[in-house]
Every structure is written in structure tokens, then in C-alpha cells.
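Chain residues, written in single-letter form:
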Amino acid sequence: MPVECYEFDLTANGYPVLVNDDNYISDDYPFVCLINLKDYCDANVVKIKGSDIQAEKFAVDALMVMLRDAKAAGYNNWQVNAGYRSVQYQQELF
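We now turn to the structure provided with this report. All figures in this text were calculated on a predicted structure; none of them were measured in a lab. (Residues numbered from 1 in each chain as written. Predicted model: local features only at pLDDT ≥ 70, side-chain atom pairs only at ≥ 80, totals over all residues. Heavy atoms only, no water.)

### Looking at the pattern of salt bridges
Piece 1. The final tally for this structure, using the stated rule, is 1 salt bridge.
Piece 2. A salt bridge links Asp 61 to Lys 57; the shortest N-O distance between them is 2.7 Å. Of the two residues, Asp 61 and Lys 57 both sit in helix α2 (residues 57-72), 4 residues apart, roughly one turn of that helix.
Piece 3. Relative accessible area serves as the criterion here: at 29%, Asp 61 is assigned to the partly exposed category.
Piece 4. Classification of Lys 57 as buried rests on a relative accessible area of 18%. (Salt bridge = Lys/Arg side-chain N within 4 Å of Asp/Glu carboxyl O. Helix = DSSP H or I, 4+ residues; strand = E, 2+ residues; numbered from the N terminus. Buried < 20%, exposed > 50% of the residue type's maximum accessible area, 1.4 Å probe, protein only.)

Below, the structure written as C-alpha cells:
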């Protein structure tokens, strides 16, 4: 299913941005293309547990390349249980 999104640069000095406990994405980070994984992902490659799980398209595209390669190498039964969480929802969880 084609999804149209505008391009953006998630890099710092030409390298991907590291996001972890010490390097946060700001609360106003511009998520530009959240997609519904159930509608977008190939069900023959990965099971999407919930019907409303969303993620950034560029990350899902990279995930699908990785999972297709894994499947070709004989590694199967992949599942996604969670995706994008708004700042508000993440704060509620913690």
C-alpha cells in the first residue's frame, strides 16, 4: 500500500541520531509519517499484534528489509507488539 510522506533528515553530521536513555528525542520531534503497521506490513513476514500500532514509515521500511532477509535465511515467526507512543502516553506508563 503506497503511503505518501515528505522527506526529512534524522541525522547529525551525516550519521543516524542515537536515541536511548541518555539521548532523548525532544517532545516536539516532528513525526512526519506515522503509518498503521497492520495495513502496511506483509503478514507473510511479520505478525502485527494490535490493529492500531503505528510507527514511522522510514523505520518500518528498514524493519521489513531486515525481516525479509531474516526470513530468507530461515528465521521466521516475527511479531510486533508495540510501536509509536505519544509523549503523553509514555509519561502515563512511567
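Having seen the model, we can carry on.
### What about unusual backbone geometry?
Piece 1. Notably, Asn 77 is not glycine yet its phi reads approximately 65°, a positive angle.
Piece 2. Among the structural elements, Asn 77 can be located in the loop between α2 and β6 (78-80).

### Let's talk about the side chain of Glu 56
Piece 1. Examined against the element boundaries, Glu 56 turns out to sit in strand β5 (residues 54-56).
Piece 2. There is no salt bridge for the buried Glu 56, and the closest opposite charge comes from Lys 57, which lies 9.5 Å off by N-O distance. (Lys, Arg positive; Asp, Glu negative; His and termini not counted.)

### Some thoughts on a nonpolar patch on the surface
Piece 1. Taken together, the side chains of Val 17, Val 19 and Ile 25 present a nonpolar region at the surface, about 210 Å² in accessible area.
Piece 2. Within the secondary structure, Val 19 sits in the loop between β2 (15-16) and β3 (34-36). (Patch = residues over 30% accessible without salt bridge, like charges linked within 9 Å, V, L, I, M, F, W, Y side chains within 5 Å. Areas by Shrake-Rupley, 256 points an atom, 1.4 Å probe, with all protein chains shown as cover.)

### Remarks on the nonpolar core
Taken as a class, soluble globular proteins show a tendency for nonpolar side chains to be buried jointly.
Piece 1. With 14 residues, the main nonpolar core has Leu 37, Cys 41, Val 46, Ile 48, Val 60, Met 64 and Val 80 as its most contacted residues.
Piece 2. Within the residue set of this core, elements represented by two or more residues are α1 (37-40), β4 (46-48) and α2.
Piece 3. For this core, the element with the highest residue contribution is α2, accounting for 3 residues.
Piece 4. Residues within four places of Ile 48 in sequence aside, it is in contact with Leu 37, Lys 38, Cys 41, Ile 53 and Val 80. (Core = buried A, V, L, I, M, F, W, Y, C linked by side-chain atoms within 4.5 Å. Contact = heavy atoms within 4.5 Å.)

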